[in-house]
Amino acid sequence: MLELREYTIPEQKHIDWLNDKDLMRYSDQRHVHHTRASVQHYMFQVWFRGVYLNDVLIGTVAASIDKHNDVADLGILMGGRRGYGKAAWKLALDELSTHRMIVAGCMVGNQAMQTIMRRTMEYSHIIPDRFLYDGKPMAGVYYRRAGEAALRLREEMAGIYYRRL
Ligand SMILES: CC(C)(COP(=O)(O)OP(=O)(O)OC[C@H]1O[C@@H](n2cnc3c(N)ncnc32)[C@H](O)[C@@H]1OP(=O)(O)O)[C@@H](O)C(=O)NCCC(=O)NCCS
C-alpha cells in the first residue's frame, strides 16, 4: 500500500538520495552537499511527508507554504523505487488541497516530472532559460492547481454566471 506519513527524523537513505548527483540532475539540490543536520533543518521549515510503500520509505514530498497568499509550492523526490511518483504526487495534492492554490515547476528536461504535473494540474507558464543545465540555459515549466475551496467557489461563480444568461 502506498501512503504519505508524518516523517520527522531523516533516514540515511533519504540523505543519500539527496547527494545522488544523477538522481538529482534536474534539481538545484544537485549543487548542495546534504548532511543529516541540513536535511533536518529543511524538514522543520516546510510541510513534509515520507512516501511509504508497504511501510518502506521510497520517497518524500515537501511543500513550502506561503501563508499570506495561502499557496503551497510542492516538490517530490522518489529515491527508493520508480513507478510511484505520480501516485505519491496525487496523495500530496489531496492533502494540500485545503490551501487556496498548489503550484509546482521543473526544468523542461525533467520529462517524468512534466508528465506528472500535466496529468494532475493546470499548465501555468514557461520561463525561458530559467536554469543552467550543464552550463546551458534550460527553460522552467510551471503548473498550478486550485484548492478544494477555490474550486467550489469557481463552480459557484460559474453557476451564478450561467443562471444570469
Ligand atoms: C520525477 C520523479 C518524481 C518521477 O518519479 P517516477 O516514480 O519515475 O514517476 P512515475 O513512474 O509515476 O511516472 C510518471 C509519468 O512519467 C512518465 N515517465 C517516467 N519517466 C519518463 C521519462 N524519462 N520520459 C518521459 N516520461 C517519463 C511515466 O510513464 C508516467 O507517465 P504515465 O502517467 O503516462 O504513466 C522521480 O524521477 C524523482 O524523484 N526524480 C528526482 C527528483 C526530481 O527530479 N524531482 C522533481 C524536481 S521538481
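The rules behind the values
- Within any chain, residue numbers begin from 1 and follow the written order of that chain's sequence.
- Local features in this predicted model are restricted to residues whose pLDDT is 70 or higher, and side-chain atom pairs enter the listing and the counts only when it is 80 or higher, whereas totals over whole chains, interfaces and linings include all residues.
- When DSSP finds two or more bridges between two strands, those strands count as paired.
- Secondary structure elements follow DSSP: runs of H or I no shorter than four residues count as helices, runs of E no shorter than two count as strands, and numbering proceeds from the N terminus.
- For helices, the fitted axis covers only the stretch in contact; all axes are lines through C-alpha atoms, and the angles between them, taken along N-to-C directions, range from 0 to 180 degrees.
- A pair of residues counts as a contact when their C-beta atoms, built from backbone coordinates, are within 7 Å of each other.
- Remark: C-beta atoms are placed from the backbone, and a residue is labelled buried if 20 or more other C-beta atoms sit within 10 Å of its own, exposed if 12 or fewer do, or partly exposed between those counts.
- Think of the arc as the fan of directions from the helix axis to the C-beta atoms.
- What we call a nonpolar core is a set of buried Ala, Val, Leu, Ile, Met, Phe, Trp, Tyr and Cys residues whose membership is set by joining through C-beta atoms within 7 Å.

Enquirer: Which residues make up the sheet that holds strand E3 (residues 56-66), and what are the values?
Expert: Sheet architecture is open: 7 strands sit in the order E1-E2-E3-E4-E5-E7-E6, paired in mixed fashion. Single-partner strands in this sheet number two, and they are strand E1 (2-6) and strand E6 (122-133). The average undirected angle you get between the axes of adjacent strands in this sheet is 30°. Both strand E4 (residues 71-78) and strand E5 (residues 101-107) contribute to a ladder of 3 bridges, which runs parallel. Looking at E5, one finds that Ala72 is bridged to Ile102. Sitting on the sheet, helix H3 (residues 85-96) is in contact with E1, strand E2 (47-53), E3, E4, E5 and strand E7 (136-146), with an inclination near 155° to E4.

Enquirer: Quick one: what's the story with helix H4 (residues 111-120), residue by residue and with numbers?
Expert: Residues separated by three or four positions in an α-helix point in the same direction, a consequence of the helix having 3.6 residues per turn. Looking only at H4, the buried set comprises Met113, Ile116 and Met117. The arc enclosing the buried residues of H4, seen along the axis, measures out at 95°, which places them on a common side. For H4, the exposed residues set more than 90 degrees away from the buried face come down to Gln111, Ala112, Thr115, Arg118 and Arg119. On its buried face, H4 sits against H3, E5 and E7.

Enquirer: Talk me through unusual backbone geometry; I want residue IDs and the actual numbers.
Expert: Positive phi, close to 75°, is recorded for Asp55, a residue that is not glycine. Here Asp55 shows up in the loop between E2 and E3.

Enquirer: Help me get a handle on the nonpolar core, residues and values and all.
Expert: Residues Leu74, Ala88, Ala92 and Leu96 are the most contacted members of the largest nonpolar core, which totals 23 residues. Breaking this core down by element, the ones donating at least two residues are helix H1 (12-18), E3, E4, H3, E5, H4 and E7. Once you skip the residues sitting within four places of it in the chain, Leu96 turns out to touch Ala63, Ala72, Leu74 and Ile102.

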